[in-house]
Every structure is written in C-alpha cells, then in structure tokens.
Amino acid sequence: MNFLRKFIGTRDFYKQVLVLTVPIMIQNGITNFVNMLDNVMVGRIGTVEMTGVAVTNQLFFVFNLCIFGAVSGAGIFGAQFHGNGDTRGVRDTFRFKVLFCSLICLLGIGIFVFFGRELIDIYLRGEGNPEDAAASLEFAREYMNIMLIGLLPYTVVQCYSSTLRETGKSVPPMYAGIIAVVLNLVLNYILIFDHFGFKGLGVNGAAIATVVSRFAELLIISVWTYAHRSGNRFIIGAFKSIRIPRALIWQITLKGLPLMVNEALWASGMAVLNQCYSLRGLDVVAANNISQTFFNVFSVAFMAVGAGIGIIVGQNLGANEPEKAMDSARKLITFSLLVSIVVSLIYIFCAEFIPRLYNTTDAVKDLATKLMQISAAAMPLDAFANASYFTLRSGGKVFTTFIFDSCFVWVVSVPVAVLLSRCTGLPILPIYAICCSLSFIKDVIGFIFVKKGFWIKNLTNSK
C-alpha cells in the first residue's frame with residue numbers, strides 16, 4: 001500500500017493536475033484536430049499536394065520547436081517567479097520572451113526566404129515519379145511563401161500563452177486557441193474547395209486560412225490579457241520599456257538558451273530522421289505525413305501532462321518545497337505513462353480506418369496504417385521520456401536535459417536511421433520500428449536521472 005502511495009496521488013492531487021492540464025489538453029487537442037482536418041482536406045485534393053504541404057510543415061516544425069524551446073527556457077523562471085510571488089520577475093521574463101523570440105522569428109523567416117527551395121528539395125529525392133516530385137516542390141513553395149506571414153503572430157501568441165499558463169491561467173489560451181482553430185477550419189472549407197461562391201485555392205487556401213487564424217488568436221489573447229490586467233499584473237507596463245535586469249538576462253541565457261538550442265537540435269534531428277525515411281520513396285513521405293498528423297492528435301493527453309509537470313514541479317521548487325517536487329514528479333510521470341497506454345490501444349484500433357479519409361493510393365493507405373500502429377505501440381516509451389524531460393527541465397538542469405534529449409537524437413537515433421536507410425536494403429517498416437524502439441534506451445536514462453534528484457533546485461533564490 002505504501003508503495004502505491006509513492007506513485008498514485010490523492011483525489012485532490014489529480015484534481016489540481018486536471019485543472020491545469022485539461023485546458024492545455026483541450027487547446028492542443030483542438031489545434032491538432034483541426035490541423036488533422038486541414039491535412040485531410042489537403043489530402044482530399046491529391047497525394048502530390050499533400051506531400052508538398054507535409055514537407056513544408058516538417059520544416060516549420062523545426063521553427064516551432066525553436067520558439068517552444070525559447071519560451072520554455074525562460075518559462076522555467078516564469079513558473080518559479082510566480083511560485084515565489086514575484087510579479088516583477090514574471091513581467092521581466094515575459095518581456096525577454098517577446099524580444100528574444102521575435103529575433104528568432106525574423107531569423108527563421110530569412111532562412112526560409114533564401115533557402116526554402118533547397119530545404120524542401122532534400123525531402124523529394126527518394127524513389128518515385130520525378131514529375132510528381134517537381135509538382136510537390138512547387139506546391140510546397142507556394143504554401144511556404146504564404147505561411148511565412150503567420151510566423152510572427154504565432155511567435156507572440158506562444159509568449160502570451162506560456163506566461164499565462166505559468167501563472168496558473170491555462171483556460172484563456174485554450175479559448176483563444178479554440179476560436180482560432182474553428183476559424184481556421186471554416187476558412188479551410190471555404191478557401192480550399194469551391195464553396196459559397198469562392199474559387200477553390202487548394203494548398204494556398206489552406207495557408208491563407210492558417211495565417212488569418214493566427215492573427216485572430218493573437219488579437220484575442222492579447223486583448224483578454226490586458227482587459228484582465230488586475231489578475232495578470234505582469235502585463236502592466238510590460239511594453240513601456242525593453243529593459244530587463246542584466247542578472248536575469250544572464251540567468252535565462254545560461255539556463256534557457258541551451259534549452260532552446262536543445263529543442264532546435266531535437267527538431268532538426270527529427271527532420272533528418274524523416275529525410276532518411278523519405279529515401280524509401282514518395283509514398284513514404286505521404287504515409288509518414290498521415291501517421292505523424294494523427295500521432296499528434298492522439299499524443300495530446302500525455303503531452304499535456306508533461307507540460308503540467310514542468311509547471312507544477314516548477315512551482316513546488318519556487319516555493320522551496322523540494323520533497324513535494326519529487327513526490328509530484330513521481331506521481332505525474334506514472335500518470336502520464338498510464339494515460340499513454342490507454343491512448344495507444346485506441347490509436348492502434350483507429351489506425352485501420354484513418355487512412356481511408358485520404359484521396360490517395362491503396363499502397364499509401366496501407367503503409368500509413370502500419371506506421372501508425374508502430375508509433376502507437378511505442379507511445380508509452382515516448383510518454384515516459386517526455387515526462388522525464390519536463391521533470392529535469394523544471395529545475396533548470398540544462399546540460400542534463402541537453403544530453404537526455406537532443407544529444408540522444410543525434411548520437412543514437414540519427415546515426416541508426418542514416419545507417420539503415422543508406423547502407424542497408426531494409427524496407428521502411430523495420431527501419432521505422434527500430435528507430436521508434438530506441439526510445440527505451442532514453443527511458444532508462446530518464447529513470448536514472450529523475451531518481452537521483454540532482455535536478456531539484458530553486459532558481460529564483462539566485463536572482
């Protein structure tokens with residue numbers, strides 16, 4: 001019984017967890033669900049169009065993770081400042097996010113403008129019809145050029161949303177996200193196909209809908225935050241100055257910048273893995289796109305718990321409650337693992353029917369089903385690794401998380417994928433299964449790191 005109490009929390013504990021994570025789960029779930037519908041709608045046009053959009057979104061995934069890493073790195077301090085009752089610290093952290101992430105955004109836009117074609121092309125060199133590859137390249141370029149307009153509002157929204165969550169207000173970002181994705185869905189229906197007198201714009205219509213929805217989300221969340229400034233005191237005077245205490249800049253840079261680099265390296269590692277898979281043909285690109293899209297939908301539950309771990313454990317550390325932080329981490333990791341097991345079983349069953357939604361070949365549909373079932377079987381491994389990562393990150397152990405996350409991808413996962421895809425004749429399914437199973441090694445490392453407890457540290461004491 002005492003053993004179970006170490007890993008299973010009380011009703012009040014789970015109530016606190018659900019109050020925080022359910023809004024995140026709903027927001028991310030709806031976002032990914034609408035992204036899935038967007039993907040299905042583009043997939044209804046044809047395989048070539050879907051492949052072009054999939055490749056572009058793979059590149060934007062790296063950008064999104066860079067922004068996520070930047071706001072998360074600074075967010076370690078935001079959560080602990082809030083736990084310590086330091087409004088000024090939260091405000092300075094928010095200001096840092098906006099300034100730093102805006103610089104990252106401008107850099108990202110520059111890279112996509114000048115090197116977008118070359119980056120897209122590396123995913124279209126596998127087996128298949130050269131004419132299809134050329135057509136996918138053109139669709140991808142058109143889609144990217146429009147999507148670039150939405151990168152800045154997306155970036156600023158992440159700064160607002162992360163800060164609100166760190167201060168315990170996860171519902172407003174959820175509502176803003178819901179409204180934005182519903183708007184995106186409606187505009188997709190109107191602009192992709194011929195509806196309500198509009199000429200169907202195909203992939204360009206999908207990009208326009210996404211950009212409009214991102215501006216709408218920024219408007220909603222910024223207006224709400226300022227309108228409720230008495231409860232969001234960090235926003236008061238946040239834009240009157242760009243001044244940030246040098247000591248805090250140094251602290252965030254020391255602790256947060258490596259986390260951003262970690263996310264960038266991890267995302268780029270995933271991009272390399274997908275490029276390795278693409279060498280097995282254009283059908284693999286299309287099938288992998290379907291698989292990843294729906295994996296994102298089904299993984300929102302354990303991903304939300306991971307985000308909750310970073311916030312709850314971070315607040316425990318900021319309140320100088322190290323034993324409570326360890327206890328919370330242990331129970332939340334267990335909870336995340338149990339949730340992922342249930343979701344993975346549902347995903348395995350649904351994988352038989354999902355590809356039928358797409359207007360693509362039977363070969364792509366069959367391959368997508370098998371890829372989804374493999375990723376579903378590996379989902380508990382991913383959930384444990386994700387929960388361990390957020391636990392380690394909550395205490396600012398940047399070097400440890402760097403080794404655990406991006407170093408693992410580049411030292412283990414990428415070399416294995418490169419070796420299997422370029423030096424063997426193995427088909428895609430065994431290659432994909434082997435690469436997914438490597439997460440077990442990461443889980444062992446995460447278990448050891450979390451159990452040792454060296455990540456338990458209150459960062460706000462050193463400001």
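Small disclaimer: the values here were computed from a predicted structure and weren't measured. (Residues numbered from 1 in each chain as written. Predicted model: local features only at pLDDT ≥ 70, side-chain atom pairs only at ≥ 80, totals over all residues. Heavy atoms only, no water.)

**Comments concerning the overall build of the chain**
A count of helical and extended segments in the chain gives 18 helices and zero strands. With the principal axes as the frame, the chain shows a C-alpha extent of 60 × 50 × 40 Å. The 463 residues of the chain split such that 56% are buried. Looking at the chain alone, contacts between residues at least 24 apart form 84% of all its contacts between residues at least 6 apart. Entry remark: accessible area of the chain is about 19700 Å², with carbon and sulfur atoms responsible for 67%. (Helix = DSSP H or I, 4+ residues; strand = E, 2+ residues; numbered from the N terminus. Buried < 20%, exposed > 50% of the residue type's maximum accessible area, 1.4 Å probe, protein only. Contact = heavy atoms within 4.5 Å. Areas by Shrake-Rupley, 256 points an atom, 1.4 Å probe, with all protein chains shown as cover.)

**Remarks on the side chain of Ser340**
For Ser340, the location among the structural elements is in helix 13 (residues 322-350). On the accessibility criterion, Ser340 (0% relative accessible area) is buried. The residues contacting Ser340, other than those within four sequence positions of it, are Phe302, Met379, Pro380 and Ala383.

**As for the state of the cysteines**
Applying the stated criterion across every chain, the model contains zero disulfides. Left unpaired, Cys159 is separated from the closest cysteine sulfur, that of Cys101, by 4.1 Å. Taking relative accessible area as the criterion, Cys159 reaches 1% and is therefore assigned buried. (Disulfide = S-S within 2.5 Å.)

**Let's talk about the nonpolar core**
Counting 130 residues, the largest nonpolar core has Ile290, Phe294 and Tyr347 as the members making the most contacts within it. Element by element, the count of residues in this core is highest for helix 3 (residues 47-83), at 16 residues. With near-sequence residues (within four places) excluded, Ile290 lies in contact with Met50, Ile354, Tyr358, Val364, Ala368 and Met372. (Core = buried A, V, L, I, M, F, W, Y, C linked by side-chain atoms within 4.5 Å.)

**Section: the confidence of the model for the chain**
The pLDDT averaged across the chain works out to 85; a share of 94% of its residues lies at or above 70. Looking over the chain, one finds the lowest element-wise mean pLDDT in helix 1 (residues 2-7), namely 63, and the highest in helix 17 (residues 428-437), namely 95. (pLDDT = per-residue confidence, 0-100.)

**Let's talk about helix 3**
If you look at helix 3, its biggest bend is around 35 degrees, right at Gly75. Burial of helix 3 is extensive: 31 of the 37 residues sit out of reach of the surface. Downstream of helix 3 by a residue or two, Gly85 has a phi angle that is positive, lying close to 75 degrees. (Bend = angle between axes of the 7 residues up to and from the residue.)

**Details of the side chain of Ser406**
With respect to the helices and strands, the residue Ser406 is situated in helix 16 (residues 398-423). According to the relative accessible area criterion, Ser406 is buried, its value standing at 0%. For Ser406, the contacting residues outside a window of four places in its chain are Asn262, Leu265, Trp266 and Thr401.

**Comments concerning helix 11 (residues 282-298)**
Look at helix 11: 25 Å from first C-alpha to last across 17 residues, which is about the 24 Å you get at 1.5 Å a residue. Most of helix 11 is tucked away: 14 of the 17 residues are buried. (Expected span 1.5 Å × (residues − 1).)

**Section: a nonpolar patch on the surface**
The grouping of Ile8, Leu338, Ile341, Leu345 and Ile348 at the surface amounts to a nonpolar patch, some 420 Å² of accessible area in total. Classification of Leu345 by relative accessible area gives exposed; the value is 57%. (Patch = residues over 30% accessible without salt bridge, like charges linked within 9 Å, V, L, I, M, F, W, Y side chains within 5 Å. Salt bridge = Lys/Arg side-chain N within 4 Å of Asp/Glu carboxyl O.)

**Regarding the pattern of salt bridges**
Two side chains of opposite charge can pair, provided their charged atoms sit close to one another. The full count for this structure, using the stated rule, is eight salt bridges. Among the salt bridges present, the one from Asp92 reaches Arg88, with a minimum N-O distance of 4.0 Å. Here the residue Asp92 and the residue Arg88 both occupy positions in helix 4 (residues 87-121), the gap between them amounting to four residues, near one helical turn. The salt bridge partner of Arg95 is Asp92, with a shortest N-O separation of 3.6 Å. Of this pair, Arg95 and Asp92 are both found in helix 4, three residues apart, which corresponds to roughly one turn of the helix. Residue classification places Arg95 among the buried residues on the basis of a relative accessible area of 9%. Each member of the salt-bridge network shares a partner with another, and the members are Arg88, Asp92 and Arg95.

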